[in-house]
Protein chains: 2
Amino acid sequence: MEQINIPDSLLADCHHLGHLPTSQVLLNRNAHVPWFILVPDTMLQDVLDLSEEHRERVMSDCAAVSSYIKRVLGFEKVNFAGLGNVVPEMHLHIIGRHAQDPCWPQPVWGNLSDSEPYQPEQLGEMQAGMVKMIGLSPVTL
Amino acid sequence: MEQINIPDSLLADCHHLGHLPTSQVLLNRNAHVPWFILVPDTMLQDVLDLSEEHRERVMSDCAAVSSYIKRVLGFEKVNFAGLGNVVPEMHLHIIGRHAQDPCWPQPVWGNLSDSEPYQPEQLGEMQAGMVKMIGLSPVTL
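Residues numbered from 1 in each chain as written. Chains lettered and ligands numbered in written order. Predicted model: local features only at pLDDT ≥ 70, side-chain atom pairs only at ≥ 80, totals over all residues.

A. Representation of the sheet that holds strand 4 (residues 77-82) of chain B in the model. Across the sheet, which stays open at both edges, the 12 strands sit in the order 6(A)-1(A)-2(A)-3(A)-5(A)-4(A)-4(B)-5(B)-3(B)-2(B)-1(B)-6(B) with antiparallel pairing between neighbours. Bordering the open sheet on either side are strand 6 (137-138) of chain A together with strand 6 (137-138) of chain B, each of which pairs with just one other strand. Helix-sheet contacts for helix 3 (residues 120-134) of chain A involve strand 1 (14-19), strand 2 (23-28) and strand 6 of chain A, and the interaxial angle to strand 1 of chain A is about 25°. Lying over the sheet, helix 3 (residues 120-134) of chain B contacts strand 1 (14-19), strand 2 (23-28) and strand 6 of chain B, oriented at roughly 25° with respect to strand 1 of chain B. (Pairing = 2+ DSSP bridges. Helix = DSSP H or I, 4+ residues; strand = E, 2+ residues; numbered from the N terminus. Contact = placed C-beta atoms within 7 Å. Axes fitted to C-alpha atoms, helices over the stretch in contact; angles between N-to-C directions.)

B. Structural context of the interface of chain B and chain A. In this complex, chain B contributes 27 residues to the contact, which on the side of chain A involves 27 residues. When residues of the side of chain B that touches chain A are traced back to their parent elements, those giving at least two are helix 2 (52-71) and strand 4 of chain B. A per-element tally of the side of chain B that touches chain A places helix 2 of chain B first, with eight residues. Among the residues making up the side of chain B that touches chain A, the classes are represented as 14 nonpolar, seven polar and six charged. As paired strands, strand 4 (residues 77-82) of chain A and strand 4 of chain B are joined by three bridges and run antiparallel to one another. By the bridge assignment for strand 4 of chain B, Phe 80 of chain A is matched with Gly 82 of chain B. (Nonpolar A, V, L, I, M, F, W, Y, C, P; charged D, E, K, R; others polar.)

C. A look at the relation of the copies chain B and chain A. Here chain B sits on chain A after a turn of 180° about the axis and a move of 0.0 Å along it, with an RMSD of 0.0 Å. One copy is carried onto the other by what is essentially a two-fold rotation axis. In terms of proximity to the rotation axis, the leading residue of chain B is Ala 81 of chain B, whose C-alpha is 2.0 Å off the axis. An overlap of 100% is found between the interface residues of chain B and their copies at the interface of chain A, pointing to a shared contact surface. (Least-squares fit on C-alpha atoms with pLDDT ≥ 70 in both.)

D. View of the environment of Arg 55 of chain A. Mapping Arg 55 of chain A onto the fold places it in helix 2 (residues 52-71). By C-beta crowding, Arg 55 of chain A is classed as buried, having 22 other C-beta atoms within 10 Å. Arg 55 of chain A sits 15 residues away from Pro 40 of chain A along the chain, and the two C-alpha atoms are 9.7 Å apart. In this structure Arg 55 of chain A touches Val 47 and Leu 50 of chain A together with Met 59 of chain B, once residues within four positions along its chain are discounted. (Buried ≥ 20, exposed ≤ 12 C-beta atoms within 10 Å, placed from the backbone.)

E. A look at the nonpolar core. Among the nonpolar cores identified, the biggest contains 72 residues, and Cys 62 and Ile 94 of chain A together with Cys 62 and Ile 94 of chain B are the most heavily contacted of them. Excluding residues within four positions of it along the chain, Cys 62 of chain B makes contact with Leu 48 of chain A together with Leu 38, Phe 80, Leu 92 and Ile 94 of chain B. (Core = buried A, V, L, I, M, F, W, Y, C linked by C-beta atoms within 7 Å.)

F. Just the packing of helix 2 of chain A against helix 3 of chain A, in detail. All names here are of chain A. Put simply, helix 2 and helix 3 touch, their axes get as near as 10 Å, and they point 120° apart. Regarding the angle of helix 2 to helix 3, the classification is oblique. In this structure, helix 2 meets helix 3 at a crossing whose hand is right-handed. Contact residues: Ala 64, Val 65, Ser 67 and Tyr 68 in helix 2; Gly 129, Met 130, Met 133 and Ile 134 in helix 3. Considered class by class, the residues forming the contact of helix 2 with helix 3 number six nonpolar, two polar and no charged. (Parallel < 35°, antiparallel > 145°, perpendicular 65-115°, else oblique. Left-handed = near helix turned anticlockwise from the far one by under 90°.)

This is the structure we're talking about:
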């Protein structure tokens, strides 16, 4: 997949881990919850506007990230959303949740306090796990 | 599609409009924004856990509702989410948004004040539009 432009506002808030067949893979810097953001390679803004064929491929990448969150990170619950009211370029949230996280049961948007940053080792481990389990093509952290 | 059990807490907050091939179709009683909720016929809780084939059929119904919101109701933006932190049974939010709505650009959850109820004529018109445009099988309102 060719490099696409990731919106600056997302890059400012996230670590760029790599890409899957349809999407760049970001991790929100807020480490209270594992909050992945996929940026599909499209000019459309809403996921439900994608063609059926493109939507299926994007959703398959989203399901792979969800599977990583559940099987490797051990979460039972994943929140999934495409909003884009603030950053219009299409980006999809895939977030591991549990009943003891800091904003349960509220959605994360607007309800999470600042967190300690991820440590470089944590990011490297997460990236390596996604390379191994779901075929992430990594970028330099 | 056989009748499925819609969680009581969703029924209390929503009008039941009918069903599409994979899902019951609800409309949140809060009329500030057109807030549809699809309840797929599954025991799974997270949309990204569905089999690929089932997920595609569910997403196709979601896309139909989004298309109704955009083409008939005239919205340019649709928010899409599967959360389920409060009501665990799978239900998917499909919400028409615009920059003048009461909680823009925040997500709707926890950010919408009470609204006047929908009028029976409005509900009937909406249901009829969905029957005509996206093949909704209606139930008695």
